[in-house]
Amino acid sequence: MKKAVLIIHGFVGSLYDNEYLMNYLELDKKFDVFAKTLPGHHETFSYQKVDFHEWIKYVEGIVEDLIFYGYKEIYLIGHSMGGVLAGYVASKYKEIKKVVFLNAAFNYLNFKQNKVDILKNKDYKDYLEVLDRVFHTSIPFFLEFIKLVKEYHDCLTNVTVDSLVLQSDIDQVVPLENGIKIYDNLKSYNKYLTYLTNERHAIFEGNQENLERKKEIAEYIRLFLRGGNKWKKIYKEKI
């Protein structure tokens, strides 16, 4: 039977944030790829009424459904807040065999990088888009994100499955040292840390932009999920 790959999006995002990655992995006949939009992240839902425990229960429900339908190997890919959710869930189910932490938001609000962007007069349109998303939510909704990270910040010490930590080096949301902190806290025997050079927080947004770079990172993730000697040969500290 194929392996199930579950992609979990970040705060104020949706399943479409990682649509390119989802479509790319679906080309691999070894995988069945799944992605859902978390509660409260659809425009028709009320941000006021979401509790962070609902996010946990929702992801747990998806994993339990996959197990019910016979998947004995499940791989998680968590972007930003989704990385926190993936970390917790990975410590709970024996069927979860691998996790990819993609700019996982165990630490957030990268004021250092924001200052560099401003001083260098960069085009930080993507940074403004992230802020725009956050400011269009309610304060109670944002507080649920804070509660989630606080509650499960230490869950990595219970993660023992194979793990790949991907950290963008100019991420405007989470600081660079976030990657090494995640790596150090993981208890996995097989764990890898790779820095994504000249990349921001949202790697796979915009299907028609930087397609070659998206393909390179998606292929790197695919090979990690595939595993084996080929992965060990191509692993790099930065790409």
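Residues numbered from 1 in each chain as written. Predicted model: local features only at pLDDT ≥ 70, side-chain atom pairs only at ≥ 80, totals over all residues. Heavy atoms only, no water.

## Side note on the overall build of the protein
Step number 1: Summing up its helical and strand segments, the protein has 9 helices and 6 strands in all.
Step number 2: With 239 residues in all, the protein has 52% of them scored as buried.
Step number 3: Within the protein, contacts between residues separated by at least 24 positions form 76% of all contacts whose residues are at least 6 apart in sequence.
Step number 4: Of the roughly 12,200 Å² that the protein leaves accessible, carbon and sulfur atoms contribute 52%. (Helix = DSSP H or I, 4+ residues; strand = E, 2+ residues; numbered from the N terminus. Buried < 20%, exposed > 50% of the residue type's maximum accessible area, 1.4 Å probe, protein only. Contact = heavy atoms within 4.5 Å. Areas by Shrake-Rupley, 256 points an atom, 1.4 Å probe, with all protein chains shown as cover.)

## Considerations on the environment of Leu-225
Step number 1: Of note, Leu-225 is situated in helix 8 (residues 211-226).
Step number 2: The spacing of Leu-225 and Leu-76 is 149 residues in sequence and 9.5 Å in space, taken between C-alpha atoms.
Step number 3: Excluding residues within four positions of it along the chain, Leu-225 makes contact with Val-5, Leu-25, Phe-31, Tyr-75, Ile-77, Lys-98 and Val-100.

## Some thoughts on the sheet that holds strand 3 (residues 74-79)
Step number 1: In spatial order, the strands read 2-1-3-4-5-6; together these 6 strands make up an open sheet with parallel pairing. Edge strands, defined here as strands with exactly one partner in the open sheet, are strand 2 (31-35) and strand 6 (191-196). Within this sheet the neighbouring strands show an average axis-to-axis angle of 15°, counted without direction.
Step number 2: As defined by bridge partners, strand 4 (residues 96-102) adjoins strand 5 (residues 162-168) across 5 bridges and the pair is classed as parallel. Bridging from a neighbouring strand, Val-99 pairs with Ser-163 of strand 5.
Step number 3: Those strands touched by helix 7 (residues 178-185) are strand 4, strand 5 and strand 6, and its axis lies near 175° from that of strand 6. (Pairing = 2+ DSSP bridges. Axes fitted to C-alpha atoms, helices over the stretch in contact; angles between N-to-C directions.)

## Comments concerning helix 6 (residues 139-152)
Step number 1: Between the first and last C-alpha of helix 6 there are 20 Å, a value that for 14 residues agrees with the 20 Å anticipated at 1.5 Å per step.
Step number 2: Every buried residue of helix 6 is accounted for by Phe-141, Glu-144, Phe-145, Leu-148, Val-149 and Tyr-152. Axial view of helix 6: buried residues confined to an arc of 130°, hence all on one face. Summarising the geometry of helix 6, the exposed residues directed more than 90 degrees from the buried face are Ile-139 and Lys-150.
Step number 3: Packed against the buried residues of helix 6 are helix 2 (52-68) and helix 3 (81-90). (Expected span 1.5 Å × (residues − 1). Arc of directions from axis to C-beta.)

## A word on unusual backbone geometry
Step number 1: Phi at Ser-80 is positive, roughly 55°, even though this residue is not glycine.
Step number 2: Relative to the helices and strands, Ser-80 is located in the loop between strand 3 and helix 3.
Step number 3: Not every positive phi belongs to a glycine, and Asn-103 is a case in point at roughly 50°.
Step number 4: Along the chain, Asn-103 falls in the loop between strand 4 and helix 4 (111-119).
Step number 5: A residue is classified by how much of its surface remains accessible, and Asn-103, at 0% relative accessible area, is buried.

## So, the pairing of strand 4
Step number 1: Judged by how many residues are buried, strand 4 sits mostly within the fold: 6 of 7 residues are covered.
Step number 2: Bridge count between strand 3 and strand 4: 6 bridges; the pairing is parallel. Its bridge partner lying in strand 4, His-79 is registered against Leu-102.
Step number 3: For the handedness criterion, the β-α-β arrangement of strand 3, helix 3 and strand 4 is classed as right-handed. (Right-handed = clockwise from strand over helix to strand, strands pointing away.)

## A look at the pairing of strand 6
Step number 1: Burial of strand 6 is extensive: 5 of the 6 residues sit out of reach of the surface.
Step number 2: Here strand 5 pairs with strand 6 via 6 bridges, running parallel. Note on strand 6: the bridge partner recorded for Val-165 is Leu-193.
Step number 3: Handedness of the β-α-β unit built from strand 5, helix 7 and strand 6 comes out right-handed.

## A look at the packing of aromatic side chains
Step number 1: All told, the structure shown has 20 aromatic pairs when counted by the stated rule.
Step number 2: Aromatic rings pair up to connect Phe-11, Trp-55, Phe-141, Phe-142 and Phe-145 into one cluster.
Step number 3: Here the guanidinium or amino end of Lys-191 rests over the ring plane of Tyr-183, the centre of that ring lying 4.6 Å away. (Phe/Tyr/Trp six-rings, centres within 6.5 Å; stacked < 30°, edge-to-face > 60°. Lys NZ or Arg CZ within 6 Å of the ring centre and 35° of its normal.)

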